Amino acid sequence: KLNDGNKNIVRLIIQLLTQLIEALGHGLKQYTKLLAIPLVSNLADKQSLLRDDCINCIDKWITCYNYESIACCFGQVIKNENFELRSEVLKLLLKYKDKYKEQGFNSVMFFKEISMPFLLCLQDKSNTIRSQTEELIVISLQYIQIKHYFNQVSEFKPAIANTLTTILKRLQYENNI
């Protein structure tokens, strides 16, 4: 019911899920595939109270279970060209940037999988989303090589590829990479 048309019901379900996550802790593992994407997808909603409930739930998820289990779906959802969704997910990625260094988190695999969605976000109309994405790309370069991004740029149309290449070269220059 996380995609119910009645936003009040969705809010109640997310609030209940937040309490359930706290009670389950690591027992949440068996429900990850069922809950992660529908939960994160609610960050696309225009209603800020619903997004706030969703962020609280995600924070509880990360605190009581782990970051990687929910972060793994972030790349899939930010492919969606929704300002609220991209903005909130990018904020979460930045908020928990210290998690990438933790033992057991496969940062190399994570950033390789999310690199294409980052390139899509670099094309966003919003300056905020583009600058947050640039910051995340710089963070990702601690784990993957910039050539990984350059290789993926070739999948875009020439005009877009040129723009992305220019941005990546600027980031490379500014960060001495």
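These remarks concern the structure in this document.

What counts, and where the lines are drawn
Sequence positions are assigned chain by chain, starting from 1 and proceeding in written order. Totals for whole chains, interfaces and linings use every residue, but because this is a predicted model, local features are given only for residues with pLDDT of at least 70 and side-chain atom pairs only at 80 or more, for both listing and counting. With hydrogens and water set aside, each side-chain value is computed from the structure's full complement of heavy atoms. Per the convention used, a helix needs a DSSP run of H or I reaching at least four residues, while a strand needs a run of E reaching at least two, with both numbered from the N terminus. Here, expected helix span is obtained from the residue count minus one, scaled by 1.5 Å. A 1.4 Å probe rolled over the protein chains alone gives each residue an accessible area, and that area as a share of the maximum for its type sets the label: buried under 20%, exposed over 50%, partly exposed in between. Each direction from the helix axis to a C-beta atom contributes to the arc, which is the arc of those directions. Every residue pair with non-hydrogen atoms within 4.5 Å of one another is taken to be in contact. Polar contacts, as counted here, are pairs of nitrogen or oxygen atoms within 3.5 Å of one another; within protein the pair requires one atom able to donate a hydrogen and one able to accept it, and residues that are adjacent in sequence qualify only if both atoms are side-chain atoms. Note on aromatic pairs: the rings of Phe, Tyr and Trp (six-membered ring only in Trp) are paired at centre separations within 6.5 Å, and the planes decide the class, stacked below 30 degrees, edge-to-face beyond 60, tilted for the rest.

Concerning helix 1 (residues 7-24)
The terminal C-alpha atoms of helix 1 lie 25 Å apart, and with 18 residues this matches the ideal 26 Å at 1.5 Å per residue to within 8%. Those residues of helix 1 that fall on the buried side of the exposure criterion are V10, R11, I14, L17, T18 and I21. The buried residues of helix 1 all sit within an arc of 120° when viewed along its axis, so they share a single face. Facing away from the buried side of helix 1 by more than 90 degrees, the exposed set consists of N8, L12, L16, Q19 and A23. On its buried face, helix 1 is in contact with helix 2 (32-41) and helix 3 (48-64). Capping the start of helix 1, N6 holds a side-chain oxygen 3.0 Å from the backbone nitrogen of N8, two or three residues further along. Phi turns positive, to about 60°, at G25, one or two residues after helix 1.

Concerning the side chain of S87
Tracing the sequence through the fold places S87 in helix 6 (residues 83-95). In contact with S87, other than residues within four places in its own chain, are I129 and Q132.

So, the environment of T32
Among the structural elements, T32 can be located in helix 2. Put simply, T32 and I70 are 38 residues apart on the chain and 7.5 Å apart in space, counted from C-alpha to C-alpha. Ignoring any residue separated from it by four or fewer positions in sequence, one finds T32 in contact with W61, Y65 and S69. Separated by 3.1 Å, the side chain of T32 and the backbone oxygen of K29 make a polar contact.

Observations regarding the packing of aromatic side chains
Applying the stated criterion across every chain yields a total of 10 aromatic pairs. A centroid spacing of 5.6 Å and a plane angle of 20° characterise the contact between Y100 and F110, whose relative ring orientation is stacked. Residue Y100 is located in the loop between helix 6 and helix 7 (107-121), and its partner F110 is located in helix 7; the two are separated by 10 residues in the primary sequence. Just as Y100 is buried, F110 falls in that class too. Plain terms: the ring middles of Y100 and F111 are 4.9 Å apart, the flat faces sit at 65° to each other, and that makes the pair edge-to-face. One end of the pair, Y100, is in the loop between helix 6 and helix 7; the other, F111, is in helix 7, with 11 residues separating them in the sequence. With relative accessibility at 0%, the residue F111 sits in the buried group.

These figures capture arrangement, not role.
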